[in-house]
Amino acid sequence: MRYAQLSAFAADEPDRFWVEVADKLAWTKRWDKVLGDGQGPIPRWFIGGELNACHNCVDRHVDDGFGDQVAIQYESAVTQISRSLTFAELKDATARLGGAMRARGVAKGDRIIIYMPNSPEAVIAMLACARIGAIHSVVFGGFAAKELAARIDDATPKLVIAASCGIEGAKVLPYQPMLEEAYAIADHRIEATIYWQREQAPADIGKTDAVDWADEIANAEPAPCEPVKATDPLYILYTSGTTGQPKGIVRDTGGYLAALAWTMEGIYNCPPGSTYWAASDVGWVVGHSYIVYGPLLNRNTTVVFEGKPVGTPDAGIFWSIMAKHKVRSFFTAPTAIRAIKQVDPEGALAAGHDLSSLKAVYLAGERTDPSTLEWTEKLLSKPVVDHWWQTETGWAICANPLGVEELPTKAGSTSVPMPGWDIACLDEDGVPVAANETGAIVARLPLPPGAAPTLWKAEERYVEAYLERYVGYYLSGDAGYIDEDGFVYVMTRTDDVINVAGHRLSSSAIEEVLAANPSVAECAVVGIHDDLKGQIPAGFVVLKAGEQSDSGLLQQQLVLDVRTAIGPVAAFKQVHIVSKLPKTRSGKILRRNIRQIADREEATIPATIEDRAVLEEYYKLFEYESGAV
Ligand code: COA
Ligand code: AMP
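Predicted model only: the values in this text are computed from it and were never measured. (Residues numbered from 1 in each chain as written. Chains lettered and ligands numbered in written order. Predicted model: local features only at pLDDT ≥ 70, side-chain atom pairs only at ≥ 80, totals over all residues. Heavy atoms only, no water.)

What follows deals with the overall build of the protein. The number of helices and strands found in the protein is 18 helices and 32 strands. Radius of gyration (C-alpha) of the protein: 24 Å, near the 25 Å computed for a compact globule of 629 residues. Counted over contacts in the protein with a minimum sequence separation of 6, partners at least 24 positions apart contribute 70%. Carbon and sulfur atoms make up 50% of the accessible area of the protein, which amounts to about 24000 Å² in all. Side-chain charges of the protein comprise 58 positive and 82 negative groups, with the mean position of each set lying 1 Å from the other. (Helix = DSSP H or I, 4+ residues; strand = E, 2+ residues; numbered from the N terminus. Rg over C-alpha atoms; globule rule 2.2 N^0.38 Å. Contact = heavy atoms within 4.5 Å. Areas by Shrake-Rupley, 256 points an atom, 1.4 Å probe, with all protein chains shown as cover. Lys, Arg positive; Asp, Glu negative; His and termini not counted. Charge placed at Lys NZ, Arg CZ, Asp CG, Glu CD.)

The following block contains the structure:
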């Protein structure tokens, strides 16, 4: 079937379309209803069905005779360790860790926080949770103790599984002090922390609740796969919203696995047995879907890479790993390609590597600027797919479905909606805009399988954030346009979320930190253009009367405060002291105008601005005159 037919099939007969996909999974109980209401704010998939994610990703392949196939290929550019794990070894490892957790009283539905860098152990920890029906919540290593504590209090985990350290380039970052600081801040008490010990900075096992992974699994009774309901959560993944409090995105089990199974063929064109590599991090949704669940479900070898695209050791690392392991599909963020391009503009380090196995490159996390797309296409002579998705959706909303049909590439566009996604661009009144006109991008309900059905313990917030603005639609929070051929262009966020190097950050969360400083009267944080990271946050701070900032000490302190409260991943390095913030007459801060001035775009100043003259200071700050763009 070609793309148009397939899309029509999924739209006209969603039940049949998704049942054909779900039938490829192993179910312990077939569903009673394919899609039904009454279980939360949006219709749910495969109601009444039961299955286990670890069984589908691991045991099933061993049972089918593929136990000796490599499941995980670990490449650590920071420790020079290259290690492979077969499906049989992965089954044993998940069964043992699952058994160790059960021995500690972890039961179906309990939450486990995982705080680990990219490593086979992180994948084992996630799958071991899935195996026993526990819900994992992976927290990215670049977040600080306070952010970790917020997630501990929200998810109320029984245990934490952690690495003893992360390694960022040449820096070794011990995790135990960070975890202990988080435990001291959090109200919720965890029962134990299981540390995967790394020789670079082992955790102190004698201390408080710390136990050693190796001791835990040594005599553990291997745990079987515990069937869960298709609608039971497989994981919670926190992401930034418009407030400082992160949103706990809930991912159900059955629909997610079905959707991923379709994407591995339909989008990534990756037959079982071939090698798939998502150079992301297990702390992000891309890591969940395409380092762990998608490829393993499809019996692909998944490459787990610990390192950076540049500097570990150089900008050729991606190409050398692709050649070494005959990677067929490769997924990364545009910012990683920009980093390589900056260091090696001619792509000289790709020369000499046999990339004949590589069929296509997939980019997501932020908009792919046309020059990055074209540079990559020219260097590799392979299709480069810019595809659009969110933590909420779990898989691509729009893509070029290479496994179905290769559609023409239009630079700047994320191609077309995937089967099950009915996408529209609406104006303020909810009326679809004409082709090529900008509007809010929405998806008509019901959402396809895999998309988040709710937020953890915050159903009302889900309704408010995604469903209330346009009745009958899911609000993506992105704005853009659809061209006359149905290609979707995702241009910007409509809320105060900033996208830094493919990572989503809340400007409100950073503002909360700045506002807590006793010298600060009020502040605004906006995401301004950065050639490498796409956007970086910049703070604009008004001081309380009588406060001075001449020496720059306050700016340094504010940068440090954000690093301590949110984490280095925020990449917050820029603070400007201003005399006033531009506001509307009702007091809303005009962050968009600040961003436009910083980015040298024409400022679209609303008629309701309180005082236009306030903006002059911002033009001066960025060293040009108003009207010069
Ligand atoms: N644990 C602890 N600290 C971390 C971390 C982790 N897991 N990940 C990042 N950090 C720290 C970094 O060390 C850096 O700290 P610094 O301020 O002391 O230098 C800071 O957070 C910012 O990190 P990062 O965004 O990675 O910037 P960078 O300058 O080190 O590297 C890139 C720039 C472009 C190479 C990097 O951002 C990158 O590889 N991006 C790809 C993004 C990606 O894969 N996104 C996933 C979505 S698909
Ligand atoms: P996250 O939930 O962290 O994956 O961030 C999702 C957000 O990243 C989306 O809402 C978009 O704003 C942005 N994004 C992701 N992929 C793309 C893309 N291909 N093009 C444009 N924006 C993207």
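Alright, that's what it looks like, and here's the rest.
For the pair helix H1 (residues 3-12) and helix H2 (residues 14-22), the least separation of the axes is 5 Å and the interaxial angle reads 110°. The orientation of H1 relative to H2 falls into the category roughly perpendicular. Mapping the contact onto sequence places Leu 6, Phe 9, Ala 10, Ala 11 and Asp 12 in H1 and Pro 14, Arg 16, Phe 17 and Glu 20 in H2. Here the residues of the contact of H1 with H2 sort into 6 nonpolar, no polar and 3 charged. (Axes fitted to C-alpha atoms, helices over the stretch in contact; angles between N-to-C directions. Parallel < 35°, antiparallel > 145°, perpendicular 65-115°, else oblique. Nonpolar A, V, L, I, M, F, W, Y, C, P; charged D, E, K, R; others polar.)

Moving on, we come to the UniProt feature "domain: AMP-binding enzyme C-terminal" (unreviewed entry) in the protein. Here the UniProt-annotated "domain: AMP-binding enzyme C-terminal" (unreviewed entry) positions come out as residues 510-588. Secondary structure within residues 510-588 divides into 24% helix and 33% strand; the distance between the first and last C-alpha atoms comes to 17 Å. (UniProt positions renumbered as here; feature names shortened; annotations may be inferred.)

This next bit is on the site of ligand 2. What surrounds ligand 2 is a group of 15 residues, the closest being Asp 386, Thr 391, Asp 478, Arg 493 and Arg 504. Between ligand 2 and Asn 499 there is a distance of 3.2 Å, counted from an oxygen atom to a side-chain nitrogen or oxygen. Tallied by class, the residues present in the shell around ligand 2 amount to 3 nonpolar, 6 polar and 6 charged. (Near = heavy atom within 4 Å. Polar contact = N/O pair within 3.5 Å; in protein donor to acceptor, adjacent residues only side chain to side chain.)

What follows covers unusual backbone geometry. Note the cis peptide between Thr 312 and Pro 313, where omega equals -5°. Cis geometry marks the peptide bond from Leu 445 to Pro 446; its omega dihedral reads 0°. Tracing the sequence through the fold places Pro 446 in the loop between strand S25 (439-444) and helix H14 (459-467). If you check the backbone angles, Ser 415 has positive phi at about 65° while not being a glycine. Here Ser 415 lies in the loop between strand S22 (398-399) and strand S23 (416-417). Even without glycine at this site, Glu 623 takes up a positive phi of about 60°. Its place among the elements puts Glu 623 in the segment after helix H18 (614-621). A relative accessible area of 68% means that Glu 623 is categorised as exposed. (Buried < 20%, exposed > 50% of the residue type's maximum accessible area, 1.4 Å probe, protein only.)

Here the focus is the environment of Glu 147. Within the secondary structure, Glu 147 sits in helix H6 (residues 145-155). Note: C-alpha distance between Glu 147 and Gly 244 (97 residues apart in sequence) is 9.8 Å. When residues no more than four places from it in sequence are discounted, the contact partners of Glu 147 are Ala 565 and Ile 566. In this structure the side chain of Glu 147 is engaged in a polar contact, spanning 2.8 Å, whose partner is the side chain of Arg 151.

Residues in close proximity to ligand 1 total 23 residues, the closest being Glu 168, Lys 171, Lys 308, Lys 533 and Arg 563. Residue Gly 142 places a main-chain N or O atom 3.4 Å away from a nitrogen atom belonging to ligand 1. Here ligand 1, which alone exposes 930 Å², has 83% of that area covered by the protein. Of the residues that constitute the shell around ligand 1, the class distribution is 11 nonpolar, 6 polar and 6 charged.

With 4 bridges joining them, strand S10 (residues 165-168) and strand S11 (residues 171-174) adopt antiparallel strand pairing. Paired with Cys 165 across the bridge in S11 is Pro 174. The loop that links S10 with its antiparallel partner S11 comprises 2 residues; one of these, Gly 169, has a positive phi angle of about 60°. (Pairing = 2+ DSSP bridges.)

Right, let's talk about the sheet that holds strand S21 (residues 384-386) for a bit. Strand order in the open sheet made by the 7 strands is S6-S5-S18-S17-S19-S20-S21, with mixed pairing throughout. Each edge of the open sheet carries a strand with a single partner, namely strand S6 (82-86) and S21. Sheet twist, expressed as the average angle between the axes of neighbouring strands with direction ignored, equals 20°. Across 5 bridges, the pairing between strand S5 (residues 70-76) and S6 is antiparallel. Its bridge partner lying in S6, Ile 72 is registered against Leu 85. Across the face of the sheet, helix H4 (residues 87-103) comes into contact with S5 and S6 while running at roughly 80° to S6.

This part is about the pattern of salt bridges. Throughout the structure, instances matching the rule amount to 32 salt bridges. For Arg 96, the salt bridge is made with Asp 92, and the minimal N-O distance between the two is 3.3 Å. Within this pair, Arg 96 and its partner Asp 92 are both found in helix H4, separated by 4 residues, close to a single helical turn. Note on Arg 96: relative accessible area 28%, which makes it partly exposed. Given a relative accessible area of 40%, Asp 92 falls into the partly exposed group. In this structure, the salt-bridge partner of Glu 147 is Arg 151, at a minimum N-O distance of 2.8 Å. Taken as a pair, Glu 147 and Arg 151 lie in helix H6 at a separation of 4 residues, close to a single helical turn. (Salt bridge = Lys/Arg side-chain N within 4 Å of Asp/Glu carboxyl O.)

Counting buried residues in helix H11 (residues 317-324) gives 6 out of 8 residues, a clear majority hidden from the surface. Taken together, the buried positions of H11 are Ile 317, Phe 318, Trp 319, Ile 321, Met 322 and Ala 323. The positive-phi residue at the C-terminal boundary of H11 is Lys 326, with phi of around 50°.

Before going further, it helps to examine the side chain of Thr 414. Within the fold, Thr 414 resides in the loop between S22 and S23. For Thr 414, the contacting residues outside a window of four places in its chain are Asp 386, His 387, Trp 388, Cys 398, Ala 399, Val 488 and Val 490.

Now for the pairing of S5. Among the 7 residues of S5, 6 are classified as buried, and the element is accordingly described as predominantly covered. A loop of 5 residues connects S5 with S6, the two strands running antiparallel in sequence, and Gln 80 in this loop sits at a positive phi of about 65°. Strand direction decides the pairing type here: S5 and strand S18 (residues 301-306), joined by 5 bridges, are parallel. Note on S18: the bridge partner recorded for Ile 72 is Thr 302.

Right, let's get into helix H13 (residues 370-380). Among all positions in H13, only Thr 372, Leu 373, Trp 375, Thr 376 and Leu 380 are buried. One side of H13 carries all its buried residues, which in axial view fall inside an arc of 165°. Lining the buried residues of H13 we find H11, helix H12 (334-343), strand S20 (360-363) and S21. Positive phi appears at Ser 381, one or two residues downstream of H13, with a value of about 55°. (Arc of directions from axis to C-beta.)

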